[in-house]
Amino acid sequence: MDFLDLENKLKKVLSVTLTDSAGLMFFGTNKYADLSTNFLFLIRKLRTVKDDEVLDGIRASVEQDDELKESISSITILKNGFVNFSVSNKFLENGMNGLLKSGGKPIFDNKSEKVNVEFVSANPTGPLHYGNARSVYGDALANVLKLAGYDVTKEYYVNDAGNQINVLADSVFSKYLELQNLKPLELTESYQGEYITDIAQEILNKDFDKWNSIDYRDYFKKFSVECVIKLIKEDLAFIGIKHDVWVFETSIVEFVPHALRVLENKHLIAKGKLGKIQSDKGLESNEDLLLFLGSKLGDEDRALTKPDGSYTYFANDIGYFYNKLDRGFKWLIVILGADHDGYIKRLYNAVTQLKDDIRMDIKTCQVVLFQKNGENIRFSKRLGNALSLREAVESIGFSVSDFIDSNSSVNTDSTDYNTGKDIFRFMMLNKSLDTHYTVNADKLTEFSMENPFYYLQYAHARISSLVNSTDISQQINLDSLTDSMIELLKLLLNWRKCIESVVRTLEVHKVIHFLLDVAEQFHAIWNEGKIDKSKKWIVDNLQTTHDRVAFASIVGKMIKEGLNVLGIDAYDRL
RNA sequence: GUGCCCGUAGCUCAGGAGGAUAGAGCACAAGAUUCCUAAUCUUGAGGUCAUGGGUUCAAAUCCCUUCGGGCACGCCA
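Source: prediction; values computed, not measured. (Residues numbered from 1 in each chain as written. Chains lettered and ligands numbered in written order. Predicted model: local features only at pLDDT ≥ 70, side-chain atom pairs only at ≥ 80, totals over all residues. Heavy atoms only, no water.)

1. Topic: the overall build of chain A
- Helix and strand content of chain A: 21 helices and 15 strands.
- Among the 574 residues that make up chain A, the fraction classed as buried is 50%.
- Long-range contacts, defined here as pairs at least 24 residues apart, represent 73% of the contacts in chain A between residues at least 6 apart.
- Of the roughly 27,400 Å² that chain A leaves accessible, carbon and sulfur atoms contribute 48%. (Helix = DSSP H or I, 4+ residues; strand = E, 2+ residues; numbered from the N terminus. Buried < 20%, exposed > 50% of the residue type's maximum accessible area, 1.4 Å probe, protein only. Contact = heavy atoms within 4.5 Å. Areas by Shrake-Rupley, 256 points an atom, 1.4 Å probe, with all protein chains shown as cover.)

2. Some remarks on the pairing of strand S9 (residues 289-292)
- Both strand S8 (residues 269-272) and S9 contribute to a ladder of four bridges, which runs antiparallel. Following the sheet pairing, Ala270 is matched in S9 by Leu291.
- Direction of pairing for S9 relative to strand S10 (residues 302-303): antiparallel, over a ladder of two bridges. Note that in S10 the partner of Leu291 across the bridge is Ala303. (Pairing = 2+ DSSP bridges.)

3. Notes on the packing of aromatic side chains
- Scanning the model with the defined rule gives 25 aromatic pairs in all.
- A centroid spacing of 5.2 Å and a plane angle of 65° characterise the contact between Phe3 and Phe91, whose relative ring orientation is edge-to-face. With Phe3 in helix H1 (residues 3-15) and Phe91 in helix H5 (residues 89-102), the pair connects residues that are 88 residues apart, well separated along the chain. Each member of the pair, Phe3 as well as Phe91, carries the same accessibility label: buried.
- Seen in terms of ring centroids, Phe292 and Phe314 are 5.8 Å apart; in terms of plane orientation they differ by 70°. Their pairing is edge-to-face. Taken together, the positions of Phe292 in strand S9 and Phe314 in helix H12 (residues 313-326) put the pair 22 residues apart, joining distant regions of the chain.
- In this structure Phe314 comes out as buried when scored by relative accessible area, which is 3%.
- Taken together, the ring pairs connect Phe173, Tyr176, Tyr219, Phe220 and Phe223 into an aromatic cluster.
- Positioned over the ring face of Phe329 is Lys114, at 4.6 Å from the centre of the ring.
- Note that Arg496 overlies the ring of Phe108, its terminal NZ or CZ placed 5.1 Å from the centroid. (Phe/Tyr/Trp six-rings, centres within 6.5 Å; stacked < 30°, edge-to-face > 60°. Lys NZ or Arg CZ within 6 Å of the ring centre and 35° of its normal.)

4. Focus on the packing of helix H6 (residues 136-147) against helix H15 (residues 419-429)
- Between H6 and H15, whose axes approach to 9 Å, the crossing angle comes to 85°. One way to sum up the angle between H6 and H15 is to call them roughly perpendicular. Across the interface between the two elements, Val136, Tyr137, Asp139 and Ala140 of H6 pack against Phe424, Arg425, Met428 and Leu429 of H15.
- The residue makeup of the contact of H6 with H15, split by class, is six nonpolar, no polar and two charged. (Axes fitted to C-alpha atoms, helices over the stretch in contact; angles between N-to-C directions. Parallel < 35°, antiparallel > 145°, perpendicular 65-115°, else oblique. Nonpolar A, V, L, I, M, F, W, Y, C, P; charged D, E, K, R; others polar.)

5. Focus on the sheet that holds strand S1 (residues 26-27)
- Spatial strand order, S1-S2-S4-S3: four strands in an open sheet with antiparallel pairing. Looking at the sheet topology across the chains shown, the edges are occupied by S1 and strand S3 (72-77).
- When S1 meets strand S2 (residues 35-37), the two strands line up antiparallel, connected through two bridges. Following the sheet pairing, Phe27 is matched in S2 by Ser36.

6. What to know about the nonpolar core
- Counting residues in each nonpolar core, the largest one holds 144 residues, and the members touching the most others are Leu145 and Phe551.
- Beyond its immediate stretch of four places on either side in the chain, Leu145 contacts Val115, Val117, Tyr150, Val152, Trp331, Ile333 and Val503.
- Tyr157, Leu268, Ile269 and Phe314 belong to the second largest nonpolar core, which has 31 residues in total. (Core = buried A, V, L, I, M, F, W, Y, C linked by side-chain atoms within 4.5 Å.)

7. Points about unusual backbone geometry
- Positive phi values are uncommon outside glycine, yet Ser112 reaches one of about 50°.
- Turning to its location among the elements, Ser112 is positioned in the loop between H5 and strand S5 (114-118).
- According to the relative accessible area criterion, Ser112 is exposed, its value standing at 55%.
- Phi at Asp357 takes a positive value of approximately 60°, unusual for a residue other than glycine.
- For Asp357, the position within the fold is in the loop between helix H13 (344-352) and strand S12 (359-365).

8. So, the pairing of S12
- Burial within S12 is extensive, with six of its seven residues counted as buried.
- Note that strand S11 (residues 331-337) and S12 share seven bridges and pair parallel. The partner of Ile333 across the bridge, within S12, is Asp361.
- Read as a crossover between parallel neighbours, the route from S11 over H13 to S12 is right-handed. (Right-handed = clockwise from strand over helix to strand, strands pointing away.)

9. Focus on the environment of Arg327
- Looking at the element boundaries, Arg327 is found in the loop between H12 and S11.
- Here the alpha-carbon distance between Arg327 and Lys114, two residues 213 residues apart in the chain, equals 9.3 Å.
- Residues within four places of Arg327 in sequence aside, it is in contact with Lys114, Asn116, Glu155, Val245, Val247 and Tyr320.

10. Remarks on the environment of Asn166
- Inspection of the secondary structure puts Asn166 in helix H7 (residues 163-179).
- Residue Asn166 is classed as buried on the basis of its relative accessible area of 14%.
- It is 6.7 Å that separates the C-alpha atoms of Asn166 and Lys221, two residues lying 55 residues apart in sequence.
- Beyond its immediate chain neighbours, meaning those up to four positions away, Asn166 contacts Arg217 and Lys221.
- Separated by 3.1 Å, the side chains of Asn166 and Lys221 make a polar contact. (Polar contact = N/O pair within 3.5 Å; in protein donor to acceptor, adjacent residues only side chain to side chain.)

11. Some remarks on the pattern of salt bridges
- Evaluation of the coordinates by the stated rule reveals 23 salt bridges.
- Glu63 is the salt-bridge partner of Lys69, the closest N and O atoms lying 3.9 Å from each other.
- Take Lys69: its relative accessible area is 43%, and that puts it in the partly exposed class.
- Take Glu63: its relative accessible area is 47%, and that puts it in the partly exposed class.
- Salt bridges linked by common partners bring Asp2, Asp5 and Arg496 together as one network. (Salt bridge = Lys/Arg side-chain N within 4 Å of Asp/Glu carboxyl O.)

12. Comments concerning helix H19 (residues 495-505)
- Taken across its eleven residues, H19 has eight buried, putting it largely inside the fold.
- Of all the positions in H19, only Trp495, Arg496, Lys497, Cys498, Ile499, Ser501, Val502 and Val503 are classed as buried.
- Where the residues of H19 are buried, they touch H1, H6, S11, helix H18 (483-492), helix H20 (509-531) and helix H21 (542-565).

In structure tokens:
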């Protein structure tokens, strides 16, 4: 039993007297109480009541439920109208020993619902760049959902069928010619960057001269995409991401007709003209196209075919999501870049029409702005001047190493950790996806050393040093804890509530903020012990010491579990 | 012009299914360690929550106006 359970139980009891429980809210541990509710405000709206009578009513309800009765020690109503609950020592002690048993891991029922989380899905035309930084959010979100009992699949969709793949193939081929001192292609559009040369060189090393004479494209496409995907996988591994499934656009086109048939049966497809033809791209003729009638769903009509009869990207996407549903997923989550914002509406409209009783959430991440010398940096993948994801991560890791080397009091064992990856993930997961986040490149060191990352790690390291020297049994007595420790315990009992909130809002950064709150209280308690010896974790009394250290171990495990869910290591030493 | 996101302390950002005196880190000022890791803690200063209206017992939070910034507005992907 923790605060999540307590709330749910109280909600059930209290909503009986309300016609509509939608507005019934609970406020977690605050300076007024362990748990508060706006119940009285709501009941006042329904009828004129006397506060005391409402209070008696609540007390009577609580009395009738054994668990509530045991968990709640007092209920009061303040003049301003909040109903405040205090929890009993029994609740705290039971909750604490529950946490001890579960080892910091929030326990949820197995929901066994299949969830697909698609993220990154960058076009396979080059290594990942800094703009893909926020993809770790999708990774962490998938982890949290897994923790909350869902059957989660992390997926990457590879757009290996579009025109930009032709551009990639041409770029590589052109470089391939150049390496042989032959005349390169004259391309209006091409990808630059070392990796293009690397790929071309690799083909050259294999002595594939024959491709000069016949249609080179198919071969160069296939080979180049393979190479680039390898690069992308390495980049992802570098920041701790591994997708469960990679789906190729070329492999799902067969599903497109099936998907379109479903929409057709719902009269959402028709032949027609869009009437918005630009005349400068050789598309003067306004031919009849297959259209998705988004106008029926609050959007605009969208083309499903091109004049040559082939499917548009949109049509292929519908086929792809049909395929996802075909694989049994009930909840589809997609993390897109802000530049795909205008695409969301049509995708959502089409996909949610494919099947009943599914849930779809499309989240966009706003751009991470990168500043150097006080100026914003713009990147272009085409020009090859993009700061790569890898460079960004390494630069963080290196600045940390530099600091460690120059500071003799620091234990250099920490170089065992992939600090760059960990800090990078922490930075990205610490902010809401909606925020327009600015990273100052000139202050990467500052970001490394002054950011809350180490604050949190330091708490974990301190706990590790305590726990290592003590054997921990299965039982902790509440009496052994100081008041501040009990306050911290109350916070810990909100852990599942935090996870539940992430599941509801899909906002992973709440996890870090929760952990930082925990660390803050922990550090404060630690320093109390410096002023008052009786408040230290390790004291003269053996039993007290055991109980306190055991409690600290819960805090440590929770921090570790929380960080691990986010794909970040918890450090035992700094 | 239209759509989405944002505007909270000097800076970077939390808080946002409405709720009690608006928070953190950095930067700034002053303190704390003979003893569990001072990468810590305590205290201080710093705010018209962009603006103007509306809904409500209650608005940083919800709705509308205006202003400012970001990202998009193809039969490309």
